[in-house]
Amino acid sequence: MTILELLEIKHPIFLAPMAGVSTPELAAEVSNQGALGSLGLGANTSSAAKELILKTQALTEKPFQVNFFCHQSESLNPDIAQQWIEYIAPHFEKFGTTPPTQLNCIYPSFLDSDDFLNIVLETQPKAVSFHFGIPHPHQIKALKDEGIITMVSATNLIEAQQIEAAGIDLIIAQGIEAGGHRGIFNQHFDAAIKTLDLVQLISKHCTTPVIAAGGIMNGEQAKQMLKAGASAVQLGTAFVQCKSSSANAAYRKALFNQNITQISASLSGRPARGLIGTWHTEIDRPNRPNVPAYPYTYDLAKQLMAIANQQHDFSYGAFWAGSNVAQIRELEAADLVNQLVLEIKSN
Ligand SMILES: Cc1cc2nc3c(=O)[nH]c(=O)nc-3n(C[C@H](O)[C@H](O)[C@H](O)COP(=O)(O)O)c2cc1C
């Protein structure tokens, strides 16, 4: 069975799930065009996740994927947290305020309970994908028993082999060019492999179909991935500018005006690629202390971003973007899908 038959889609194009940017409207627009829409639900509560899935199902009868975070939950080291709060304090003071005295775990992992699993089983989206790790065996079995397609991001061959051994249906090969968080299982070890090389590597050593993600902005790049062994391509950055995404005005403007991205763990506690801002220029200095565990670090960053935004300083924004952001085009989601299809078909 081809991947198009498996997912019941017309085109080998996936909208990347993007927590903070995904909306039911964007997902439905992509799915209605015959590609695979998606919802990044990792930062939601289970009841909000359920509402978003139901809303998407009301907007499209076509398949889409939902996405959750499968990180190993870490406890917060109080000394590291305290040092970090003190290190970031001058940035709060710049806006006439003080940092919080403690950091909270702002969202749980899919692994921590079966709350998200139960929502997925109840609402039955076509596919579910995971970032930062693999669900528990009983969770994979429950999804498979319902015929829900499973996918997990891999950034190196070892992760891909673990995904295959767990019986997951599709491997998302996330290359170093990708915008947003690196899907690495262990944030301290990153092979930093380019998308094209990763697709070739995983296709050679695994039998599970591979989806290419990272730095794909047009049909020409998509075609290269498909030729290298990918069964489909997944694009994130290219879709952030669409009207139906929930990106704010400052983020949209920055996508077209700034060309340079960098990876930093200072925003959330895990490495993620985004447009260069104050996090990269002022916070990631050689004397920077260790960041607290993910997602505790993100609690502080989100509070700082909110205060900075209120005072019209957008340089602290989490403007996630892939390294090919300079090739971004102003196109609505349906037009972007159609354009990619045309470009993939052209010689
Ligand atoms: C704004 C943004 C948010 C993202 N959020 C998620 C997420 O919630 N879950 C996930 O699996 N991947 C997430 N990613 C990573 C994408 O799945 C994908 O790997 C990446 O967008 C591909 O690279 P590109 O942005 O160059 O197309 C995000 C990417 C972006 C740009």
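Residues numbered from 1 in each chain as written. Predicted model: local features only at pLDDT ≥ 70, side-chain atom pairs only at ≥ 80, totals over all residues. Heavy atoms only, no water.

Under an unreviewed UniProt entry, the name given to the protein chain is Nitronate monooxygenase, and the organism recorded is Acinetobacter venetianus. Word for word, the UniProt comment on the protein chain under Sequence similarities (unreviewed entry) is "Belongs to the nitronate monooxygenase family. NMO class I subfamily." (UniProt positions renumbered as here; feature names shortened; annotations may be inferred.)

Student: Can you walk me through the site of the ligand in this structure?
Tutor: Around the ligand, the structure places 22 residues, and the nearest of them are Pro17, Asn67, Gly215, Gly236 and Thr237. One of the side-chain nitrogen or oxygen atoms of glutamine 174 is found 3.1 Å away from an oxygen atom of the ligand. A distance of 3.3 Å separates an oxygen atom of the ligand from a polar backbone atom of glycine 179. Protein chains shield 97% of the accessible area of the ligand, which is 590 Å² for the free molecule. Looking at the shell around the ligand, the elements that each hand over two or more residues are β3 (64-69) and β9 (232-235). Looking at side-chain class alone, the shell around the ligand contains 11 nonpolar, 11 polar and no charged residues. (Near = heavy atom within 4 Å. Polar contact = N/O pair within 3.5 Å; in protein donor to acceptor, adjacent residues only side chain to side chain. Areas by Shrake-Rupley, 256 points an atom, 1.4 Å probe, with all protein chains shown as cover. Helix = DSSP H or I, 4+ residues; strand = E, 2+ residues; numbered from the N terminus. Nonpolar A, V, L, I, M, F, W, Y, C, P; charged D, E, K, R; others polar.)

Student: For this particular structure, what's the right way to read the sheet that holds strand β4 (residues 127-131)?
Tutor: Here 8 strands make up an open sheet; going across it, the order is β1-β9-β8-β6-β5-β4-β3-β2 and the pairing parallel. At either end of the open sheet lies a strand with only one pairing partner, and these are β1 (13-15) and β2 (37-40). On average, each strand axis in the sheet is tilted by 25° relative to the strand beside it, whichever way the strands run. Here strand β6 (residues 170-174) runs beside strand β8 (residues 210-213); their pairing, made up of 4 bridges, is parallel. Considered in β8, the bridge of alanine 173 is made with alanine 212. Here helix α3 (residues 46-59) sits on the sheet in contact with β2 and β3, set at roughly 165° to β3. (Pairing = 2+ DSSP bridges. Axes fitted to C-alpha atoms, helices over the stretch in contact; angles between N-to-C directions. Contact = heavy atoms within 4.5 Å.)

Student: Would you mind showing me how to read helix α5 (residues 115-123) here?
Tutor: One turn of an α-helix holds 3.6 residues; hence residues three or four places apart share an orientation. Of the positions making up α5, those classed as buried are Phe116, Leu117, Ile119, Val120 and Thr123. Projected down its long axis, α5 shows its buried positions confined to an angular sector of 160°, all on one face. Where α5 is buried, its residues contact α3, β3, β4 and α6 (137-145). Glutamine 124 occupies a position one or two residues after α5 and carries a positive phi of about 55°. (Buried < 20%, exposed > 50% of the residue type's maximum accessible area, 1.4 Å probe, protein only. Arc of directions from axis to C-beta.)

Student: Looking at this model, I keep getting lost on the packing of helix α9 (residues 219-227) against helix α14 (residues 333-345). Mind explaining?
Tutor: A pair of packed helices is captured by two measures, namely the crossing angle of their axes and the spacing between those axes. Viewed as axis vectors pointing N to C, α9 and α14 meet at an angle of 55°, and their least axial separation amounts to 8 Å. One way to sum up the angle between α9 and α14 is to call them oblique. For the element pair α9 and α14, the recorded crossing hand is right-handed. Residues Gly219, Glu220, Ala222, Lys223 and Leu226 of α9 touch α14, and the partners they reach there are Leu340, Glu343 and Ile344. Here the residues of the contact of α9 with α14 are counted per class, giving 4 nonpolar, 1 polar and 3 charged. (Parallel < 35°, antiparallel > 145°, perpendicular 65-115°, else oblique. Left-handed = near helix turned anticlockwise from the far one by under 90°.)

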